[in-house]
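Listed here are the chains, written in short residue letters.
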Amino acid sequence: MLRRRLCLLRGLVLLIILSSKMAIAQVEEVSVSGSIRDKAQGMILPYVNIVVNAAKDSAFVSGTVSNEEGMFTLTIRPGQYLLEVSFVGYKSIVQPLFVGARAPFIDLPSIQMEAETTELENVTITARQQAIGAKMDKKTYNLSENISQSGGSVLGAMQNLPGITVQEGKVQLRGSDKVTVLIDGKQTALTGFGSQAGLDNIPASSIDKIEIINNPSARYDANGNAGIINIVLKKSKKEGWNGKIGFATGLGALWERQENLPTIRPQYVRTPKLNPSLSLNYRKNKINAFLQADNLYTETLNKNEFVTRTYDNGSILKQQLKRNRNTNFFTSKAGVDWHMNDRNSLTVSGMFGSEKIIDRGDQPFFSADLSERKRLWQFFEDELKTTVMLSARYQHKFAQPGHLLNVDFNYTFHREDEKYFYDNYLVDSKGTDAFKLLSDEQVYDWSVDYIKPLRYGQIETGIKIRNRSIPTDMQFIPGVNSVLDSTAGGWATYRELIPAIYGNYVFETEKWEAELGLRLEYVRIQYDVNPDHNTYTSDGYHYTQPFPNFRLGYKINERNKLSAFFNRRVDRPNEVDIRIFPKYDDADIIKVGNPALRPQFTNSIELGYKNTWAGGSLYTAAYHRFANGTITRISTIVPEHTSVFAIFQNAGRSYNTGIEAIAEQKISSLYSFSVNGNIYRNKINAFSVHNLYPEPHQFSMEEQNIISGNLKLNNNLRFHGWEGQLIAVYLAPDIIPQGRIASRFSIDAGVKKAIQKGKGEIFLNAADLFNTMVIKREIQGNGFRYTSDDYYETQVIRAGYGYKF
């Protein structure tokens, strides 16, 4: 076993060293601004000639004249230049000008001109990207280039991106699912406040690009220790009417991979997918109006898990959990940009989302030899999630380009209306139960952000206040021979107040880059519980904590760069993590929240190296994260109860240490490839926890650690107007709560072609082309252990058409 792990480690290391890459977004053009004054009298000088020439050969690059206020602005690409300033009666000035690649705006110090011959000090200008763009590890991916997942969900599109893996419906960065997912830079109920949600149902057709930020600055909320994924929705700004209409369809679960256990209803096969989409935009004069609408309908074999459970007393149980799911997700966003004048603008927008989920499931339990069915659990779920968002942004542009003041307000309403109905067939009896859950979430966010470009970088500062409330009502409706804990129902209300202030300073010279930020957050959480609840009482917590971030970069030369990062972040328990009501979506595993759950604080350190060359690049990073109060779900069997109870707990300290590398190379105009490799070691210290539900009991776990990793190979081809993509993904064995998950492998492929003079496009793709993705787990619980193989739907064939107008 040890020899196989060492071979796996060596193989992954070799592949990473040979072929690692990173796609890092940098500024392509920089707006350089400044002012011209008379040195002796201080008066402004209008109509002064400003010329920029290339430093190496003095070739003309750009030019302009100062306006009536003595100010000028010109746009050039990053590089080394000579800045020449001339005016009748004044001595001409020629000085070196360095424009970095990290920010879209540069503010020159005032240029003082005098009649006599005077040599001014050299002016070296550096630029850095604002906020997330300032990070060397920021990666931006255009979803139009993700051919193999067109027409699917945003979760499917993400799983093929470098640096991202998907496990149990959640995205992971570097082996951790503590990822904050934003839409257009904001947390929303569609993707989850604090913890991620709903990504498998959001249509990828509504997405323009995805940004991955491993080391967020202080500008962002402090939650999400693994980093941030920002989903940028489509929005055009062309003059007049324009837009795009599209339609995609597909089939999944093309054949039955694993036959059902006896006596249950059929599993879904050849499941249909439909995804119409529409985007409209109208721009004229000071008004820009936009509309985006998508509908994704899918039928899916959402779960098909076969389990062998062995109890400490030697008894063995075989079971299957099969869940056929119908989902319809409609989302739309509309708004108006009003450019009042050159300095002031207002954007008002609204978003509506409706997600309808119908689940029909079977869960049989058999003896070890399948000769006797001991129980059959059949269920029907009807769930409707409704989201409404309203946003407004006022932006003031000062005279200096890049000098901004943004004022934002966001309101979110999210309703979760869930109904479950169960039939519990035993050997000689039948029971019928049901429950209804209604939850209304309301979130108010106010923020003010100020950005000021400087001679050697920029400063950012701002404040934000969040007020969030989630009243929840659970009604258990027990029937004959009920297995429900009806005394655990009732109401509960979650309240959250988070005011925060931050400051961020960015500095760059020709050789050095630095960023120093601090976010200070006060958090107050109160969870009020129905006083008649049989186990839990009201609880809450509050804290005031600093969250610093630091980055230092050194440019060895134009092609090589070193960087170091430090980051402190937090993962607060979300409302569903502390929700007191038992959830019966699995007949034998009862999931319950924990109001005593506390935040998980994480410190991260990273060292990075970037190298670029003609047609390619390489990025490597060594990272280490250590967390206190690690949040995980603990599964135990309680004496005198036959079910397994899965309850969230703070498990103590955990560590994540690894090496990531991403490489890209263009071989020719016909072929390019990229490789992403990640090797990491996950470790969870030994811990003991005290669970209260359904009655007090203790659980202890020995130290867990494993060396794991993942590897992705992305091949891109062009031939006779066609574009093709072939992506191979390998995920090594990894730790999961109380156990391990085995290795997984899949191949995705797709082709597309532009037609109708570039206005139309057709595509065909296949996810998990060879149907090889199977989730295999081993779990060690308190009083039992089990192994499982989940043959859920992963193979999907899609085709689609889009037309721009």
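Look up a bit, the structure's there.
Residues numbered from 1 in each chain as written. Predicted model: local features only at pLDDT ≥ 70, side-chain atom pairs only at ≥ 80, totals over all residues. Heavy atoms only, no water.

So, about the environment of Pro216. Along the chain, the position of Pro216 falls in the loop between strand E13 (207-213) and strand E14 (227-233). With a relative accessible area of 1%, Pro216 lands in the buried category. Sequence separation between Pro216 and Arg569 is 353 residues; the distance between their C-alpha atoms is 9.3 Å. (Helix = DSSP H or I, 4+ residues; strand = E, 2+ residues; numbered from the N terminus. Buried < 20%, exposed > 50% of the residue type's maximum accessible area, 1.4 Å probe, protein only.)

By secondary structure assignment, the location of Ser153 is in the loop between strand E9 (139-142) and helix H2 (154-158). Along the chain, Ser153 and Lys186 lie 33 residues apart, while their C-alpha atoms are 20 Å from each other.

Further remarks concern unusual backbone geometry. That bond from Tyr693 to Pro694 is cis: its omega, 0°, falls within 30 degrees of zero. Mapped onto the elements of the fold, Pro694 is located in the loop between strand E35 (687-691) and strand E36 (697-701). A positive phi angle is found at Ser58, which is not glycine, with a value near 65°. If you trace the backbone, Ser58 turns up in the loop between strand E2 (49-54) and strand E3 (60-65). Overall, Ser58 belongs to the partly exposed group, its relative accessible area being 46%. Despite not being glycine, Ala253 shows a phi value in the positive range, around 45°. Looking at the secondary structure, you find Ala253 in the loop between strand E15 (240-252) and strand E16 (271-284).

With that settled, consider the packing of aromatic side chains. Evaluation of the coordinates by the stated rule reveals 25 aromatic pairs. Judged by centre distance (6.4 Å) and plane angle (55°), the rings of Phe330 and Phe352 are tilted. Here Phe330 is found in strand E18 (residues 316-339), whereas its partner Phe352 is found in strand E19 (residues 344-367), with 22 residues between them in sequence. A relative accessible area of 32% means that Phe352 is categorised as partly exposed. Geometrically, the ring pair formed by Trp512 and Tyr554 is tilted, given 4.7 Å between the ring centres and 50° between the ring planes. Placement of Trp512 in strand E25 (residues 512-529) and of Tyr554 in strand E26 (residues 539-557) is noted, with a sequence separation of 42 residues between them. For the cation-ring pair, Arg309 lies above Phe784, with the distance from its terminal atom to the ring centre recorded as 5.7 Å. (Phe/Tyr/Trp six-rings, centres within 6.5 Å; stacked < 30°, edge-to-face > 60°. Lys NZ or Arg CZ within 6 Å of the ring centre and 35° of its normal.)

This part is about the sheet that holds strand E31 (residues 631-637). Hydrogen bonds between backbone atoms are what pair the strands of a sheet, whose relative direction is either parallel or antiparallel. Across the sheet, three strands lie side by side as E28-E32-E31; this open sheet has mixed pairing. The open sheet has two edge strands, strand E28 (589-592) and E31, and neither has a second partner. If you compare each strand with its neighbour and ignore which way they point, the axes differ by 30° on average. Inspection of the sheet shows E28 paired to strand E32 (residues 644-650) by four bridges, in the parallel sense. Across the sheet, the residue bridging to Val592 is Ile647, located in E32. (Pairing = 2+ DSSP bridges. Axes fitted to C-alpha atoms, helices over the stretch in contact; angles between N-to-C directions.)

What follows is about the pattern of salt bridges. The full count for this structure, using the stated rule, is 40 salt bridges. The shortest N-O distance in the salt bridge between Arg777 and Glu305 comes to 3.1 Å. In this pair, Arg777 sits in strand E43 (residues 775-780) while Glu305 sits in strand E17 (residues 287-311), placing the two residues 472 residues apart along the sequence. Relative accessible area serves as the criterion here: at 8%, Arg777 is assigned to the buried category. Between Glu515 and Arg551 there is a salt bridge whose closest N-O contact spans 3.7 Å. One end of the pair, Glu515, is in strand E25; the other, Arg551, is in strand E26, with 36 residues separating them in the sequence. Comparing Glu515 with Arg551, the two get one shared label, buried. (Salt bridge = Lys/Arg side-chain N within 4 Å of Asp/Glu carboxyl O.)

Moving on, we come to the side chain of Gln187. Inspection of the secondary structure assignment puts Gln187 in the loop between strand E12 (179-183) and E13. Among the polar contacts made by the side chain of Gln187, one reaches the side chain of Asn223 at a distance of 3.2 Å. Side-chain polar atoms of Gln187 contact the side chain of Arg466, separated by 2.9 Å. (Polar contact = N/O pair within 3.5 Å; in protein donor to acceptor, adjacent residues only side chain to side chain.)

The four strands lie next to each other as E9-E13-E14-E12, forming an open sheet whose pairing is mixed. Of all strands in the sheet, those with a lone pairing partner are E9 and E12, marking the two edges. Shown here is a sheet whose adjacent strand axes are inclined to one another by a mean of 15°, direction ignored. Two strands pair when backbone bridges link them, and E9 and E13 are joined in this way by four bridges, in the antiparallel orientation. For Lys139, the partnering residue across the bridge sits in E13 and is Ile212.

Take it as geometry only, folks, not as evidence of what the structure does.
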